[in-house]
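# Structural overview for review
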Amino acid sequence: MAEHPHAALIRRGYQAFSEGDMETLGTLMTADVTHHVPGTHHLSGDHKGLSAVLNYYGQLAAESNGTVHVELMHVFVDGRGHAMSVSRLSAERAGKKIEQMGGIVFRIIGDKVTDLDECLEDVEASNEFWG
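One structure accompanies this document, and this report is about it.

Rules used in this analysis
- Residues numbered from 1 in each chain as written.
- Predicted model: local features only at pLDDT ≥ 70, side-chain atom pairs only at ≥ 80, totals over all residues.
- Heavy atoms only, no water.
- Helix = DSSP H or I, 4+ residues; strand = E, 2+ residues; numbered from the N terminus.
- Rg over C-alpha atoms; globule rule 2.2 N^0.38 Å.
- Contact = heavy atoms within 4.5 Å.
- Polar contact = N/O pair within 3.5 Å; in protein donor to acceptor, adjacent residues only side chain to side chain.
- Buried < 20%, exposed > 50% of the residue type's maximum accessible area, 1.4 Å probe, protein only.
- Arc of directions from axis to C-beta.

### What about the overall build of the chain?
- Per the secondary structure count, the chain includes four helices and six strands.
- The secondary structure elements of the chain, listed N-terminal to C-terminal, are α-α-β-β-α-β-β-β-β-α.
- Computed over the C-alpha atoms, the radius of gyration of the chain is 14 Å, within 12% of the 14 Å expected from 2.2 N^0.38 for a compact globule of 131 residues.
- For the chain, the C-alpha atoms occupy an extent of roughly 45 × 30 × 25 Å along the three principal directions.

### Let's talk about the environment of Asp-46
- Here Asp-46 is to be found in strand β2 (residues 45–48).
- Separated by 70 residues in the primary sequence, Asp-46 and Leu-116 place their C-alpha atoms 9.6 Å from one another.
- In this view, Asp-46 contacts Thr-34, His-35 and His-36; residues no more than four positions away in its chain are not counted.
- Looking at Asp-46, its side chain comes within polar contact range of the side chain of His-36, at 2.7 Å.

### Looking at helix α4 (residues 123–130)
- Every buried residue of α4 is listed here: Ser-126, Asn-127, Phe-129 and Trp-130. Each buried residue of α4 sits inside an arc of 165° when the element is viewed along its axis, so together they form one side. Along α4, the residues that are exposed and aim more than 90 degrees away from the buried face are Glu-124 and Glu-128.
- At its buried positions, α4 is contacted by α3 (50–63), β4 (82–93), β5 (96–109) and β6 (112–120).

If you want it as structure tokens, here you go:
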């Protein structure tokens, strides 16, 4: 049985993120994409537009000295333009380490991601880590 196209899209996105391939990531999202990041730290909030989203991903890498790693565990789809990922994030920053489960609810129009709602296992731990 073939994988649903939306699940394949999300897997390509996680692979590109893991490889630092912002060019490929940019082809998987709409120009007006928004990534909603939970918490109260300086990287949280709504990153609106493709440039802002890709810049956010670059900030994650820069602030963790390239140690941010996201391991995709599962992808679920509804066949109506929604996908949900479950992943494990790990990173080091300023002498601190974080490792936690999280996920993203994606909205997909056509063959591109238009909205990402990120959820975390422990928002307070994320706030403390990213400060």
